[in-house]
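So you can see what is in the structure, the chains are spelled out below.
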Amino acid sequence: MEIRKATIDDLEVLFKSRLEFVQSLRNNEITISEAFKKNSYEYMKKHIKDDTMVIWIAIDNLEIVSAAMVCYYQLLPTMSNETGNTGYVLNVFTDPRYRRKGLATELMNKLKQDAKERNVSRLLLNATDMGKLVYEKLGYEEVTRQMVLEIS
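Cut-offs used in this document
Residues numbered from 1 in each chain as written. Predicted model: local features only at pLDDT ≥ 70, side-chain atom pairs only at ≥ 80, totals over all residues. Heavy atoms only, no water. Helix = DSSP H or I, 4+ residues; strand = E, 2+ residues; numbered from the N terminus. Buried < 20%, exposed > 50% of the residue type's maximum accessible area, 1.4 Å probe, protein only. Polar contact = N/O pair within 3.5 Å; in protein donor to acceptor, adjacent residues only side chain to side chain. Contact = heavy atoms within 4.5 Å. Salt bridge = Lys/Arg side-chain N within 4 Å of Asp/Glu carboxyl O. Patch = residues over 30% accessible without salt bridge, like charges linked within 9 Å, V, L, I, M, F, W, Y side chains within 5 Å. Areas by Shrake-Rupley, 256 points an atom, 1.4 Å probe, with all protein chains shown as cover. Pairing = 2+ DSSP bridges. Axes fitted to C-alpha atoms, helices over the stretch in contact; angles between N-to-C directions. Phe/Tyr/Trp six-rings, centres within 6.5 Å; stacked < 30°, edge-to-face > 60°. Expected span 1.5 Å × (residues − 1).

**Considering the side chain of His 47**
Then comes step 1: You can see His 47 is positioned in helix α2 (residues 34-49).
Then comes step 2: Under the relative-accessibility criterion, His 47 is labelled buried at 15%.
Then comes step 3: A polar contact is formed between the side chain of His 47 and the side chain of Thr 52, at a distance of 2.6 Å.
Then comes step 4: Apart from the residues lying within four places of it in its own chain, the contact partners of His 47 are Thr 52 and Met 53.

Here it is as structure tokens:
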């Protein structure tokens, strides 16, 4: 098993993996639009290259079997985040054949270490029911005051 930070050379496989992950969240009952595909691909390409998107992967037999990604950005500093440096964790996934072996935990720890090295004060994520326990064990806390306004 190889654990490493993904590079731009991994883009095609990572992009395919992202589409599969998004579909799996909806039990494969959605059609992914061409706009979503194009925008996701271009985002990943740009931000992997400029190192504001970091993806840690576990590879077995030349296949990515687990992945975790973080997108870095800066907000206006606040009293609870004095640097404003923030990371948004997403697409944490482990192939069902490799679950319960600590891969997601290992990759999440790699993300945390990377964030520390970048002086990132806060990592955010939206947990699935399946991942919630893993995140709690890693020290993530559930917050309830976040709100969203969809702009159409």
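**Observations concerning the pattern of salt bridges**
Then comes step 1: As enumerated under the stated definition, the model contains 11 salt bridges in all.
Then comes step 2: Ionic pairing is found between Glu 20 and Lys 16, a salt bridge with its closest N-O pair at 3.8 Å. On the criterion of helical spacing, the pair formed by Glu 20 and Lys 16 is a turn pair, its members being 4 residues apart in helix α1 (residues 11-25).
Then comes step 3: Classification of Lys 16 by relative accessible area gives exposed; the value is 53%.
Then comes step 4: Of the charged contacts, one joins Glu 34 and Lys 37 as a salt bridge, the two residues approaching to 3.3 Å between their closest N and O atoms. One end of the pair is Glu 34 and the other is Lys 37, both in helix α2 and 3 residues apart, which spans about a single turn.
Then comes step 5: Since its relative accessible area comes to 58%, Glu 34 is described here as exposed.
Then comes step 6: The partly exposed category is assigned to Lys 37, whose relative accessible area is 28%.
Then comes step 7: Shared partners join several salt bridges into a network, and the residues in it are Lys 5, Asp 51, Asp 114 and Arg 118.

**A short note on a nonpolar patch on the surface**
Then comes step 1: There is a patch of nonpolar side chains on the surface, built from Tyr 73, Leu 75 and Leu 124 and spanning about 240 Å² of accessible area.
Then comes step 2: Mapped onto the elements of the fold, Leu 75 is located in the loop between β3 (63-74) and β4 (85-94).

**Quick look at the sheet that holds strand β1 (residues 2-5)**
Then comes step 1: Strand order across the open sheet formed by 5 strands is β1-β2-β3-β4-β5, with mixed pairing between neighbours. The open sheet has two edge strands, β1 and β5 (122-125), and neither has a second partner. Shown here is a sheet whose adjacent strand axes are inclined to one another by a mean of 20°, direction ignored.
Then comes step 2: Its contacts with the sheet place α2 against β2 (53-60) and β3, and it is angled at close to 95° to β2.

**Regarding the packing of aromatic side chains**
Then comes step 1: Per the counting criterion, the structure on display carries 3 aromatic pairs.
Then comes step 2: Residues Phe 21 and Phe 93 carry aromatic rings whose centres are separated by 6.1 Å and whose planes lie at 75° to one another, so their mutual orientation is edge-to-face. Of the two residues, Phe 21 sits in helix α1 while Phe 93 sits in strand β4, which places them 72 residues apart along the sequence.
Then comes step 3: Taking relative accessible area as the criterion, Phe 21 reaches 13% and is therefore assigned buried.

**Describing α2**
Then comes step 1: Counted at 1.5 Å a residue, the expected span for α2 with its 16 residues is 22 Å, and the 23 Å between its end C-alpha atoms agrees.
Then comes step 2: Elements that come into contact with the buried residues of α2 comprise α1, β2 and β3.
Then comes step 3: One or two residues past the end of α2 sits Asp 51, with phi positive at roughly 65°.

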